[in-house]
Amino acid sequence: MLHGAEILTTEEMRAIESAAMASGQVTGLELMERAGRAVAGQIRLRWPKPGRATVLCGPGNNGGDGYVVARYLHQAGWRVRLLGLDNTPGPDAARMKAEWLALGPILPLTRDALRAGPDADVYVDAIFGTGLTRPPQGEIAAILAYLGGSGGDWACFRERLVAVDCPSGLCLDSGAFPGRPRKPGSHDPRARLTVAFDSPKPGHLLERGPECCGELVIADIGLAAWRVRNRNADGTLSRGIRYPAVEAIWPDFAIPDSRRNPARARSEASSLRKEQAGGGHKFSHGHALIVAGGRPAAGGGRLSARAALRIGRGAGDACAAIRRPAGPCRPARCADASRRGRCRRAAGHAGRPAGQRALHRSRLRGRARGGAAARDPGRRARHGSGCRCADRLVPRSRPDGAVAQGLRADAPCGRVRARLSRSGRAP
Ligand SMILES: NC(=O)C1=CN([C@@H]2O[C@H](COP(=O)(O)OP(=O)(O)OC[C@H]3O[C@@H](n4cnc5c(N)ncnc54)[C@H](O)[C@@H]3O)[C@@H](O)[C@H]2O)[C@H](O)CC1
Ligand SMILES: [K+]
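What counts, and where the lines are drawn
- Residues numbered from 1 in each chain as written.
- Chains lettered and ligands numbered in written order.
- Predicted model: local features only at pLDDT ≥ 70, side-chain atom pairs only at ≥ 80, totals over all residues.
- Heavy atoms only, no water.
- Helix = DSSP H or I, 4+ residues; strand = E, 2+ residues; numbered from the N terminus.
- Contact = heavy atoms within 4.5 Å.
- Areas by Shrake-Rupley, 256 points an atom, 1.4 Å probe, with all protein chains shown as cover.
- Salt bridge = Lys/Arg side-chain N within 4 Å of Asp/Glu carboxyl O.
- Pairing = 2+ DSSP bridges.
- Donors = N, O, S within 2.8 Å, 3.2 Å for Na, K, Ca; no water.
- Tetrahedral: all angles 85-135°; square planar, octahedral: opposite > 155°, others 65-115°.
- Buried < 20%, exposed > 50% of the residue type's maximum accessible area, 1.4 Å probe, protein only.
- UniProt positions renumbered as here; feature names shortened; annotations may be inferred.
- Core = buried A, V, L, I, M, F, W, Y, C linked by side-chain atoms within 4.5 Å.
- Near = heavy atom within 4 Å.
- Polar contact = N/O pair within 3.5 Å; in protein donor to acceptor, adjacent residues only side chain to side chain.
- Expected span 1.5 Å × (residues − 1).
- Axes fitted to C-alpha atoms, helices over the stretch in contact; angles between N-to-C directions.
- Parallel < 35°, antiparallel > 145°, perpendicular 65-115°, else oblique.
- Left-handed = near helix turned anticlockwise from the far one by under 90°.
- Nonpolar A, V, L, I, M, F, W, Y, C, P; charged D, E, K, R; others polar.
- Right-handed = clockwise from strand over helix to strand, strands pointing away.

## Description of the overall build of the chain
Point 1. Looking only at helices and strands, the chain features 16 helices and eleven strands.
Point 2. In the chain, the share of contacts with a sequence separation of at least 24, taken over all contacts with a separation of at least 6, comes to 75%.
Point 3. Carbon and sulfur atoms make up 51% of the accessible area of the chain, which amounts to about 20,700 Å² in all.

Have a look at this one:
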């Protein structure tokens, strides 16, 4: 987990890199050498005994880093097989390529060549880094899919795949794989270890990033020291580059409360914490069903939806209203729920057939995904039949979580309170 690390967009990273090189205090070749050495060092920390490595080098500087990794591993006694392109990269990568050619050959970067070789202990993905401009196609796309398991078993590579800066094809600004379907089972490369340089990028932390990067190591390649030396008093860098001061702040719900039983507080906190599993999505975060009242009684529902969003439930996924137009379910009123989750509206009056059907669908959805239910008993006083329908929505006992109420303290809803008390939950 990263605490207090700066996150730079790829553009900011490039601007800093260019400014550092333009200052004459560091060269691109030095940065590349340090980057490749850092990756090789991290590999050797995890595989102390020299083995076989297959290094895949792309057309740009990410590939340049790959040539450096190959050289360092070779010098450390590894048997290195390098697959690369027959292109002329930029001057730094071209120099690193030439240095590698003095040590070993470059095989074609094709899936057949990859499959033909002996099994390696480590596969180094240095095909694309921050310079990805479009979805990979052709042979490179086939290689990436193969590394991602199109050959049958993605787990086979995952434990041995080390990504240079990022798994290739990952957009480091968004965390998405452009041009690829976003669904489980898509063959995106998933690394055991990603060594990124200087600072994490948004794509390491968003969307598919965490799952596909695996363990993320941020290697210092000397730019941090350069930034400290070249920082102006007003927070800008020399040559007017903005000094990015964004911090990664991670919510931690395990806040101790001395008034409560610590063991119970811990277990409750863990049930509220956001899903840690990589690849989580809104459904795996649970499901919140909010049954709210009409306009005058909308506040509780809205607060419940907001609270559910903040604890990471798939909040707003089912947000049912009794009346149209009901306050909490109008998109404008439920803006945060509908932006960040899905806000469904059970149209119409819940006491009428159409409304009942919509609420029933919501209930099924909620059960299937294991969620919390909240209802605003404020509307009970006004909508008797709707309330009876909603009462049936909230399960009497739920296997996995709390039943929350977005209630008004003075709500005349004794039956709801009694039921919750019986199930051991505070009303
Ligand atoms: N952070 C730093 O300070 C340093 C990072 N380094 C490494 O350099 C890469 C970024 O290098 P760059 O050359 O800008 O980009 P790439 O290597 O990712 O690739 C660019 C190359 O690829 C072509 N291209 C882009 N998309 C496609 C595509 N879908 N299909 C085919 N070709 C594509 C593009 O036209 C370019 O030719 C960074 O990630 C680090 O690994 C430095 O080594 C050290 C300093
Ligand atoms: K890469």
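## Section: the pattern of salt bridges
Pairing between side chains becomes possible if they bear opposite charge and their charged atoms approach one another.
Point 1. This model, assessed by the stated rule, comprises ten salt bridges.
Point 2. Arg227 is the salt-bridge partner of Asp198, the closest N and O atoms lying 2.3 Å from each other. Note that Asp198 is positioned in the loop between β6 (193-197) and α8 (202-205) and Arg227 in helix α10 (residues 223-229), a separation of 29 residues in sequence.

## Here's the deal with the sheet that holds β6
Point 1. Read across the open sheet, the seven strands follow the order β3-β2-β1-β4-β5-β6-β7; overall the sheet is parallel. Each edge of the open sheet carries a strand with a single partner, namely β3 (107-108) and β7 (215-219).
Point 2. Where strand β1 (residues 52-57) and strand β2 (residues 79-84) come together, five bridges link them in parallel fashion. Bridge assignment links Thr54 to a residue of β2, and that residue is Arg81.

## Quick word on the coordination of the potassium ion (ligand 2)
Point 1. Taken together, the protein ligands of the potassium ion (ligand 2) are Asn62 (OD1), Asp125 (O), Phe128 (O), Val164 (O), Cys166 (O) and Ser168 (OG), with distances of 2.6 to 3.1 Å.
Point 2. What the six donor atoms of the potassium ion (ligand 2) show is an angle range of 69 to 172° at the metal, which sorts the shape as irregular.
Point 3. For the potassium ion (ligand 2), the donor residues sit on a single chain with the sequence spacing N-x62-D-x2-F-x35-V-x1-C-x1-S. Separated by 39 residues along the polypeptide, Asp125 in strand β4 (residues 122-126) and Val164 in strand β5 (residues 161-164) bring together distant segments of the chain.
Point 4. A relative accessible area of 0% means that Asp125 is categorised as buried.
Point 5. By relative accessible area, Val164 is classed as buried at 0%.

## Some details on unusual backbone geometry
Point 1. In this structure, Asp165 is a non-glycine residue whose phi angle is positive, near 75°.
Point 2. Within the chain, Glu207 stands out as a residue other than glycine whose phi angle is a positive 50°.

## Side note on the UniProt feature "binding site: K(+)" (unreviewed entry) in the chain
Point 1. As recorded in UniProt, the feature "binding site: K(+)" (unreviewed entry) lies at Asn62, Asp125 and Ser168. With the annotated positions falling across 107 residues, the maximum pairwise C-alpha distance of 9.5 Å places them together in a single cluster.
Point 2. As for its placement among the helices and strands, Asn62 is situated in helix α3 (residues 61-75).
Point 3. Judged by relative accessible area, which is 8%, Asn62 ranks as buried.

## Overview of the nonpolar core
Point 1. Ranked by internal contacts, the top residues of the largest apolar core, which has 43 residues, are Val39, Ile43, Leu73, Trp78 and Phe197.
Point 2. Looking at this core, the element that brings in the most residues is helix α2 (residues 28-46), giving seven residues.
Point 3. Not counting residues within four places of it along the chain, the set of residues in contact with Leu73 comprises Ala40, Ile43, Arg44, Ala53, Trp78 and Val80.
Point 4. The next biggest cluster of nonpolar side chains, apart from the first, holds 19 residues, and it includes Ile127, Leu132, Ile143 and Leu147.

## Considering the environment of Arg192
Point 1. With respect to the helices and strands, Arg192 occurs in the loop between β5 and β6.
Point 2. For Arg192 and Pro167, which are 25 residues apart along the polypeptide, the C-alpha to C-alpha distance reads 10.0 Å.
Point 3. Ignoring anything within four residues of it in the chain, the contact list for Arg192 reads Arg46, Trp47, Arg158, Glu159, Leu161, Cys213, Gly214 and Glu215.

## With respect to the site of ligand 1
Point 1. Asn62, Asp65, Gly129, Arg134 and Asp165 are the nearest of the 22 residues found near ligand 1.
Point 2. Here Thr130 contributes a backbone N or O atom positioned 2.9 Å from an oxygen atom of ligand 1.
Point 3. Contacts to ligand 1 include Arg134, whose backbone N or O atom sits 2.6 Å from a nitrogen atom.
Point 4. When isolated, ligand 1 has an accessible area of 870 Å², and the protein chains bury 82% of it.
Point 5. Elements represented by at least two residues in the shell around ligand 1 include exactly α1 (10-22), α2 and α3.

## Considering α3
Point 1. Here α3 contains 15 residues, and its C-alpha end-to-end distance of 21 Å stays within 8% of the 21 Å for a straight helix at 1.5 Å per residue.
Point 2. In terms of residue burial, α3 counts as a mostly covered element, since twelve of its 15 residues are buried.
Point 3. Within the span of α3, buried status applies to Asn62, Gly63, Gly64, Asp65, Gly66, Tyr67, Val68, Val69, Ala70, Arg71, Tyr72 and Leu73.
Point 4. One or two positions beyond α3, positive phi appears at Gly77, with a value near 95°.

## Section: the packing of α3 against helix α4 (residues 91-101)
Point 1. In contact at an axis separation of 8 Å, α3 and α4 are set at 30° when each is read in the N-to-C sense. Classed by the angle they form, the pair α3 and α4 counts as roughly parallel. Of the two possible hands of crossing, α3 and α4 adopt the one that is left-handed. Between α3, through Asn61, Gly64, Tyr67, Val68, Ala70, Arg71 and His74, and α4, the contact on the second element is made entirely by Ala93, Met96, Lys97, Glu99 and Trp100.
Point 2. Taken together, the residues that form the contact of α3 with α4 break down as six nonpolar, three polar and three charged.

## Things to note about the side chain of Lys201
Point 1. Here Lys201 is to be found in the loop between β6 and α8.
Point 2. For Lys201, the residues in contact, after removing those within four places along its chain, are Ile7, Leu8, Met13, Asp165 and Leu172.

## Points about the pairing of β2
Point 1. With respect to burial, β2 is a largely interior element, five of its six residues being buried.
Point 2. Chirality of the crossover, the property in question, places the unit of β1, α3 and β2 among those that are right-handed.
Point 3. Two strands pair when backbone bridges link them, and β2 and β3 are joined in this way by two bridges, in the parallel orientation. Across the sheet, residue Gly84 finds its bridge partner in β3, namely Pro108.
Point 4. Handedness of the β-α-β unit built from β2, α4 and β3 comes out right-handed.

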